[in-house]
Amino acid sequence: MRMPDPVRQTMEAAPRIVADLRRLVSGEAVIADSEARRVYESDGLTAYRAMPLAVVLPSTVEQVAAVLAYCHRNSVKVVPRGAGTSLSGGALPLADGIILGMAKFNRILDVDLDNRCVVAQPGVTNLAITEAVEDAGFYYAPDPSSQIACTIGGNVAENSGGVHCLKYGVTANNLLGLEAVLIDGGIIRVGGKQLDCAGYDLLGLLTGSEGLLGVVTEVTVRILRRPEMARAVLLGFAEVEAAGECVASIIAAGIIPGGMEMMDRAAIHAAEAFAGAGYPLDVEALLIVELDGPAAEVEHLIGGVVEIAKERGAVSVRTSADEAERLRFWAGRKSAFPAVGRISPDYYCMDGTIPRRKLPLVLARMREMSKLHGLAVANVFHAGDGNLHPLILYDANKPGELDAAEAFGADILKLCVEVGGVLTGEHGVGVEKRDLMPAMFTPVDLSQQQRVKCAFDPDSLLNPGKVFPELHRCAELGKMHIHRGQQRFPDLPRF
């Protein structure tokens, strides 16, 4: 397929662009070699790949600003990238664009225990923030399963959650301030160490914006005191639907666990073989429910949870005896994704959110879809907040299986919307869910969202091709009330 003229022109200008960038960011910080660039051709959604025109690894805010200002003047597209753990193709490169890698922004700048916050650069890993404050009895609550690798800047871009987001919230609920560089090189600061700030909620707007509005260069997060006690209970069920009903019943009783996770039989067996967490293997579904707080409260709430679980048909109940056992329970859940990689050549990790009461219905429908598409699925859920992570098992070496996995995934996400949920809970839209956005949003909704994009990035140079299923010229958006004048994005390179 012939490349559009602007794309071809930018690629032909690559030697000049690389030379210009090397004057802004010297040394080995500009990568143009084809083999070295290949490291950046994909993120965690490995089915899609593309070679970037170049990779730039700045180490100062001034360098980020200079690179973005240059790209703005010369109409060069920019894809911001953290650790590359995105599962939605959010950091998928463009052949006519550069990757702006933020890996060198890896320092914690300030630990302020008095104000209970940490100021960190975006390349600091999620887990490193907790490690920096745990000796003082604090921690950072959002804990994605990839927390050992994913960065706080990426967490902001995708508004990441984790197994404890039911009680303590996702990234947006634990974020106090940001510094970000706009496409024209301007540097803005929103929020800070204070609990709230005046003016428009730009902090909320930038969080979860997937790199389409600006490049985050500093993050201020809220840290919490470690609770006096935390205990976890494993609840096994003979039926997946019964486990789903138990989740709804626990929340309906007014109990808000620190975390409430669910796995089905396939995920249980994979995780136990991988981590040796002590999971029962004779059940169809497993709930991990953690209660934290004052010791007396925890003991009381555990009794309530166990009573509800038995009423809902729990066939196995085991409460952690000590901290080591509690951590083992969670180690199995947090290793579920790599564990499933041992039982299937490939898997497609989905991310959608539904109302809790719809969990039994959705699980039943997914079993029907599994038969329809001819592919197995292992289910791992942030059950407390209805965030589903079905892992669709397939073999990319078998013709048609990747297509079937994508079709299965699309059906799951459409089902989430159908029952009153949303397309994503924490992985973002990226390219994965881009073409499904009309299933949830009207043309007017999408046009209004793109107007926000145009206010920050009128030439659509920041992470173009992500989130929006159709591309509009910003000059036309001000006149539009319905979709017209749109241009489809080209088909994605898929492997």
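Scroll up to find the structure this text is about.
Note that the structure is a prediction, hence the values are computed from the model and not measured.

Cut-offs and rules
Residues numbered from 1 in each chain as written. Predicted model: local features only at pLDDT ≥ 70, side-chain atom pairs only at ≥ 80, totals over all residues. Heavy atoms only, no water. Helix = DSSP H or I, 4+ residues; strand = E, 2+ residues; numbered from the N terminus. Contact = heavy atoms within 4.5 Å. Pairing = 2+ DSSP bridges. Axes fitted to C-alpha atoms, helices over the stretch in contact; angles between N-to-C directions. Core = buried A, V, L, I, M, F, W, Y, C linked by side-chain atoms within 4.5 Å. Buried < 20%, exposed > 50% of the residue type's maximum accessible area, 1.4 Å probe, protein only. Parallel < 35°, antiparallel > 145°, perpendicular 65-115°, else oblique. Nonpolar A, V, L, I, M, F, W, Y, C, P; charged D, E, K, R; others polar. Phe/Tyr/Trp six-rings, centres within 6.5 Å; stacked < 30°, edge-to-face > 60°. Disulfide = S-S within 2.5 Å.

The next point concerns the side chain of Ser320. Following the sequence through the fold, Ser320 ends up in the loop between β15 (314–319) and α12 (323–334). The contacts of Ser320, once residues within four sequence positions are left out, are Arg231, Ala232, Glu325, Arg326 and Phe329.

Pairing in this open sheet of five strands is antiparallel, and the strands run β5-β6-β10-β8-β9 from one edge to the other. What marks the edges here is a single partner per strand, and that holds for β5 (108–112) and β9 (187–191). The average angle at which neighbouring strand axes cross in this sheet is 10°, direction not considered. Both strand β8 (residues 175–181) and β9 contribute to a ladder of five bridges, which runs antiparallel. Across the sheet, the residue bridging to Ala180 is Ile188, located in β9.

This part covers the nonpolar core. Formed by 65 residues in total, the largest nonpolar core has its most connected members in Phe237, Met262, Leu287, Val289 and Ile392. Ranked by the residues each element gives to this core, the list is headed by helix α15 (residues 401–418), at 10 residues. Ranked by size, the runner-up nonpolar core spans 29 residues in total, among them Val56, Cys71, Met102 and Phe105.

Taken N-terminus to C-terminus, the directions of helix α1 (residues 5–12) and helix α2 (residues 14–24) make an angle of 55°; their axes are 5 Å apart at the nearest point. Judged on the interaxial angle alone, α2 and α1 are oblique. Of α2, the residues touching α1 (which contributes Thr10, Met11 and Glu12) are Ala14, Pro15 and Ile17. Residues that form the contact of α1 with α2 fall into these classes: four nonpolar, one polar and one charged.

What follows is about the packing of aromatic side chains. Summed over the entire model, instances satisfying the criterion amount to one aromatic pair. Each ring, one from Tyr139 and one from Tyr168, has its centre 6.3 Å from the other, and the planes form 85°; the classification is edge-to-face. Here the residue Tyr139 occupies a position in strand β7 (residues 138–139), and Tyr168 occupies one in helix α7 (residues 165–168), the gap between them amounting to 29 residues. Just as Tyr139 is buried, Tyr168 falls in that class too.

Let us look at the state of the cysteines. A full pass over the atoms with the stated rule returns one disulfide. Disulfide pairing places Cys454 opposite Cys474 at an S-S distance of 2.0 Å. Looking down the S-S bond of the Cys454 and Cys474 bridge, the torsion is -80°, so its handedness is left-handed. Linking Cys454 in helix α16 (residues 443–456) with Cys474 in helix α17 (residues 474–477), this pair joins segments that are 20 residues apart in sequence. You can call Cys454 buried: its relative accessible area is 12%. Of all cysteine sulfurs, the one in Cys474 lies closest to Cys71, which takes part in no disulfide; the gap is 17 Å.

So far we have only geometry, and geometry alone does not tell us how the molecule works.
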